[in-house]
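Residue-level listing of the chains:
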Amino acid sequence: MEHRVTPEIRVFATLSGATSALARHLCAGALEATRARGRFAWVLAGGHTPEALYRRLSDRYAHRFPWAQTEVYFGDERCVSPRSSQSNYAMARASLLRHVPVPRPSIHRFRGELRPPSRAVAEYARLLGPLPTQRDRGHALFDSVLLGIGPDGHTASLFPGGAALHERRRTVVAVPRSGQPPFVPRLSLTLPALASSREVVFLVGGAEKAEAISSIFRSLPQGTMTRPASLVRSQGPTRWFLDRAAAALLPGAGASAR
Ligand code: 6PG
């Protein structure tokens, strides 16, 4: 499967500006996917950065976004209760999913509460099915994958130097040790699963991410295991929506902010 590497970078004066632009982009993409294929398979990011995006979508896009045709997946989850404040599902439910009419059977959360975590891995892998092969040209598991990055350049729950970075066949893995807070075991989509997408979009803000952003782009087109986000590919574009603080160490970043 051909994977593109050249990233599309958009830098905004503020994270709020990046969030507004990304909400518009996602709504347009969801409508296009729904027109073309009758559904929009969307992978949500965890952490804190996307909360404002989810709130904006549930507020300003309540009636424009094709929620009824949207299938929601998660890039990763913490091995905690779905009611825990550490749960990515809980964050997405509070900021988006309880406010918009995505059919409940179309909301596919990792069951992070299952023990051992391998049960949740097997369940989610069954849900996704096998990775499309070369024969399935044009088929992708996801229409759009939303990701964030940590200050260490991790994304989803793929941490620097982690064994999960070497996974080439499976779509989902358990990550026993998290490299960043919260230090709980995780569940994560793998690089091949993230690559089975029509686009990947990163939303990144804040000065604490600037060094990671700089080293990610310096490492392209190969990418580096020390910055897992640099290894993420898509069948379509890889887009970066950055605020000026996160882009501060990129060449010429100040000039391009919108
Ligand atoms: C998680 C996320 C993780 C997140 C980054 C950035 O489970 O923590 O999936 O990959 O996107 O850690 O988190 P912030 O948006 O909170 O900085």
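Figured I'd write up the structure that's included with this text. (Residues numbered from 1 in each chain as written. Predicted model: local features only at pLDDT ≥ 70, side-chain atom pairs only at ≥ 80, totals over all residues. Heavy atoms only, no water.)

**Some points on the pattern of salt bridges**
Any two side chains of opposite charge can pair, on the condition that their charged atoms come close.
Thinking step 1. By the definition in use, this model includes 12 salt bridges.
Thinking step 2. Measuring nitrogen to oxygen at the nearest pair gives 3.8 Å for the salt bridge that ties Arg60 to Asp59.
Thinking step 3. For Asp59, a relative accessible area of 53% gives the class exposed.
Thinking step 4. Two residues, Arg111 and Glu123, come together in a salt bridge whose shortest N-O distance is 2.7 Å. In this pair, Arg111 sits in the loop between α3 (88–97) and α4 (117–128) while Glu123 sits in helix α4, placing the two residues 12 residues apart along the sequence.
Thinking step 5. For Arg111, a relative accessible area of 32% puts it in the partly exposed group.
Thinking step 6. With relative accessibility at 26%, the residue Glu123 sits in the partly exposed group.
Thinking step 7. One continuous salt-bridge network, built from bridges that share partners, spans Glu8, Glu199 and Arg239. (Salt bridge = Lys/Arg side-chain N within 4 Å of Asp/Glu carboxyl O. Buried < 20%, exposed > 50% of the residue type's maximum accessible area, 1.4 Å probe, protein only. Helix = DSSP H or I, 4+ residues; strand = E, 2+ residues; numbered from the N terminus.)

**Looking at the sheet that holds strand β4 (residues 76–78)**
Thinking step 1. Pairing is antiparallel in the open sheet, where 3 strands are placed in the order β4-β7-β6. Here the strands that pair on one side only, and so sit at the sheet edges, are β4 and β6 (172–175). Averaged over all pairs of adjacent strands, the angle between strand axes in this sheet comes to 15 degrees, irrespective of strand direction.
Thinking step 2. Across 3 bridges, β4 lies against strand β7 (residues 186–189) in antiparallel orientation. Bridge assignment links Arg78 to a residue of β7, and that residue is Arg186. (Pairing = 2+ DSSP bridges. Axes fitted to C-alpha atoms, helices over the stretch in contact; angles between N-to-C directions.)

**Considering the environment of Lys209**
Thinking step 1. Structurally, the position occupied by Lys209 is in the loop between β8 (200–204) and α6 (210–219).
Thinking step 2. Its relative accessible area of 10% is what places Lys209 among the buried residues.
Thinking step 3. The sequence separation of Lys209 and Val172 amounts to 37 residues, and the corresponding C-alpha distance is 26 Å.
Thinking step 4. Residues within four places of Lys209 in sequence aside, it is in contact with Thr49, Ile149, Gly150, Pro151, Val204 and Ala246. (Contact = heavy atoms within 4.5 Å.)

**A few points about α3**
Every α-helix winds through 3.6 residues per turn, so residues three or four apart in the chain are directed the same way.
Thinking step 1. Among the 10 residues of α3, 8 are classified as buried, and the element is accordingly described as predominantly covered.
Thinking step 2. Those residues of α3 that fall on the buried side of the exposure criterion are Asn88, Tyr89, Ala90, Met91, Ala92, Ser95, Leu96 and Leu97.
Thinking step 3. In this structure, the buried residues of α3 make contact with β2 (40–44), α2 (50–60), β3 (70–74) and β4.
Thinking step 4. Put simply, Ser87 is the residue that caps the front of α3, since its side-chain oxygen is 3.1 Å from the backbone nitrogen of Tyr89. (Polar contact = N/O pair within 3.5 Å; in protein donor to acceptor, adjacent residues only side chain to side chain.)

**What about the environment of Leu15?**
Thinking step 1. Mapped onto the secondary structure, Leu15 falls in helix α1 (residues 15–37).
Thinking step 2. You can call Leu15 partly exposed: its relative accessible area is 26%.
Thinking step 3. When the C-alpha positions of Leu15 and Phe202 are compared, they lie 12 Å apart, and in sequence the two are 187 residues distant.
Thinking step 4. Discounting residues that sit within four places of it in the chain, Leu15 has contacts with Thr49, Leu203, Val204, Gly205 and Asp243.

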